[in-house]
Amino acid sequence: MNFELKNNETYEQYEFHVENHIAKIEYKINVQGQIYLTHTEVPKALEGKGIGSALVKAVLNDIKEKDLKLVPLCPFVAHYIKNHPEWKQILSKGINI
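Residues numbered from 1 in each chain as written. Predicted model: local features only at pLDDT ≥ 70, side-chain atom pairs only at ≥ 80, totals over all residues. Heavy atoms only, no water.

*Asks:* For this particular structure, what's the right way to read the overall build of the protein chain?
*Replies:* Assigned secondary structure in the protein chain consists of two helices and five strands. In terms of overall dimensions, the protein chain is globule-like: its C-alpha atoms have a radius of gyration of 13 Å, near the 13 Å expected for 97 residues. Along the first, second and third principal axes, the C-alpha set of the protein chain runs to 40 × 30 × 20 Å. When the 97 residues of the protein chain are sorted by exposure, 37% land in the buried category. Sequence-distant contacts in the protein chain: of pairs separated by 6 or more residues, those separated by 24 or more amount to 43%. (Helix = DSSP H or I, 4+ residues; strand = E, 2+ residues; numbered from the N terminus. Rg over C-alpha atoms; globule rule 2.2 N^0.38 Å. Buried < 20%, exposed > 50% of the residue type's maximum accessible area, 1.4 Å probe, protein only. Contact = heavy atoms within 4.5 Å.)

*Asks:* I tried to follow the environment of Lys64 on my own but got confused; where do I start?
*Replies:* One can find Lys64 in helix 1 (residues 51–65). Under the relative-accessibility criterion, Lys64 is labelled partly exposed at 42%. Taking C-alpha positions, Lys64 is 9.8 Å from Leu91, a pair spaced 27 residues apart along the chain. The contact partners of Lys64, leaving out residues within four places of it in the chain, are Trp87, Gln89 and Ile90.

The quantities given are spatial measurements derived from coordinates; they are silent on function.
Put into structure tokens, the structure is as follows:
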């Protein structure tokens, strides 16, 4: 599965456009270079296809490339990182998962 990640800065969310639906992760960025991932949403029609996990991975890659520090407030994102500990390197200082 390969989808194009879109950073919709107007709505502060990363998006995958799939089958006329939008899967998204909402975020906030502060001036200290921290990004807070606050909510992940995958439409019912897309559930169970691995799209949520693919979206999280693409977003984490983008965060790493931009050298931001992650605060994963969204339980889905935190769970993904727990299962893929190689991503702990981009966590903001003091964040434990």
